[in-house]
Amino acid sequence: MYGQTLGWFDYVVIAISLLGSLYVGVYFSKRQTDTKNYFKASGKIPSWAVGMSILATLISSITFLAYPGEGFKSNWILLVQAIMIVIVLSGLVWIVVPLYRKVIGISAYEWFERRFGVFARFYSSFAFTLTHFSKMGTVFFLMGLALTSMTGVNTYLIIWIIGFAVIYITLKGGIEAVIWLDVIQGFMLIAGGLLTLGVLFYLVDGGPIAIISKAMEHNKISFAPYDWDFTKLTFIVMVFNGIFYGIQKYGTDQTIVQRYLTAQNDRGAIKASLMGVWLSLPVW
């Protein structure tokens, strides 16, 4: 059974956040005068903002809810994927980012058509659409369950409200509105995580040392198992998962590739990509 656990001030914060996000969409809608600005912000976004946007794109309610749950239940095995992504992308972005900025207009799949033919473009873009529709369903549902447990509001009503807000902001404000909202959310994710960590350390008797000692005693801060069983969530499986996920996400995923195009130059786009992936690791 779900119960209300928030106070009036919490509801004020939620309302301000929602209305503020809608205002950002309306504000940037005035600048959407052509396709180049709508999809690429005319290549005028500073690299640090693009980097924070990439961070916010990689972090979702799945990360915020499921990863800690898995870490508490077992250990830090999911973090192996993130470590491999950082390793792979630290080398890959120097090739991929300048390539896309040079050969495409808006979509990564334009390059696939030139390189492999029209079927490759249709297949990859269709697969991208299906993947993200299924992912969005999971993300929205987890978010809805979390808010329902705190507010008592129906899960599906929450999904409808947030879904409408996201669609409105994106359609009206274009990529520029999305990126600057990502910047705000990225800073909130980092600040909120650090604040929560500090509170948890303070509340537990013995503080951080006691928490870490207890975790190590029960093998929570571990990447085990290390065997070669590919049917289980092992270290080796997560290494391969991280390698291929990193290549797919940064090399073919339109949500990331489109952000490369919003930076002011190639150097700024590379810097933003490295910033986004390096910040993601400690957050994960």
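Look up: the structure comes first, before these words.
Here goes a summary of the coordinates provided. (Residues numbered from 1 in each chain as written. Predicted model: local features only at pLDDT ≥ 70, side-chain atom pairs only at ≥ 80, totals over all residues. Heavy atoms only, no water.)

Quick word on the nonpolar core
Alright, step 1. Judged by nonpolar contacts, the single largest core of 40 residues is most densely connected at Leu89, Val93, Tyr100, Tyr250, Tyr260 and Trp284.
Alright, step 2. Only helix H3 (47-58), helix H5 (79-103), helix H6 (109-116), helix H8 (155-203), helix H11 (254-260) and helix H12 (266-283) provide two or more residues apiece to this core.
Alright, step 3. Leu78, Val80, Met84 and Met238 belong to the second-largest nonpolar core, a separate cluster that totals 6 residues. (Core = buried A, V, L, I, M, F, W, Y, C linked by side-chain atoms within 4.5 Å. Buried < 20%, exposed > 50% of the residue type's maximum accessible area, 1.4 Å probe, protein only. Helix = DSSP H or I, 4+ residues; strand = E, 2+ residues; numbered from the N terminus.)

Overview of the packing of aromatic side chains
The geometry of two aromatic rings is summed up by the distance between their centres and the angle between their planes.
Alright, step 1. According to the stated counting rule, one finds 13 aromatic pairs in the structure shown.
Alright, step 2. Plain terms: the ring middles of Tyr109 and Phe128 are 5.9 Å apart, the flat faces sit at 50 degrees to each other, and that makes the pair tilted. Taken as a pair, Tyr109 in helix H6 and Phe128 in helix H7 (residues 118-151) lie far apart in primary sequence, 19 residues in all.
Alright, step 3. Taking relative accessible area as the criterion, Tyr109 reaches 5% and is therefore assigned buried.
Alright, step 4. Between Phe164 and Tyr168 the ring centres are 6.1 Å apart and the planes differ by 25 degrees, which places this aromatic pair in the stacked class. Of the two residues, Phe164 and Tyr168 are both situated in helix H8; the distance of 4 residues between them amounts to about one turn of the helix.
Alright, step 5. Under the relative-accessibility criterion, Phe164 is labelled exposed at 55%.
Alright, step 6. Through pairs of rings, three or more aromatic residues link up here, namely Tyr23, Tyr27 and Phe28.
Alright, step 7. If you follow Lys220 out to its NZ or CZ, it ends over the ring of Phe72, 5.9 Å from the centre. (Phe/Tyr/Trp six-rings, centres within 6.5 Å; stacked < 30°, edge-to-face > 60°. Lys NZ or Arg CZ within 6 Å of the ring centre and 35° of its normal.)

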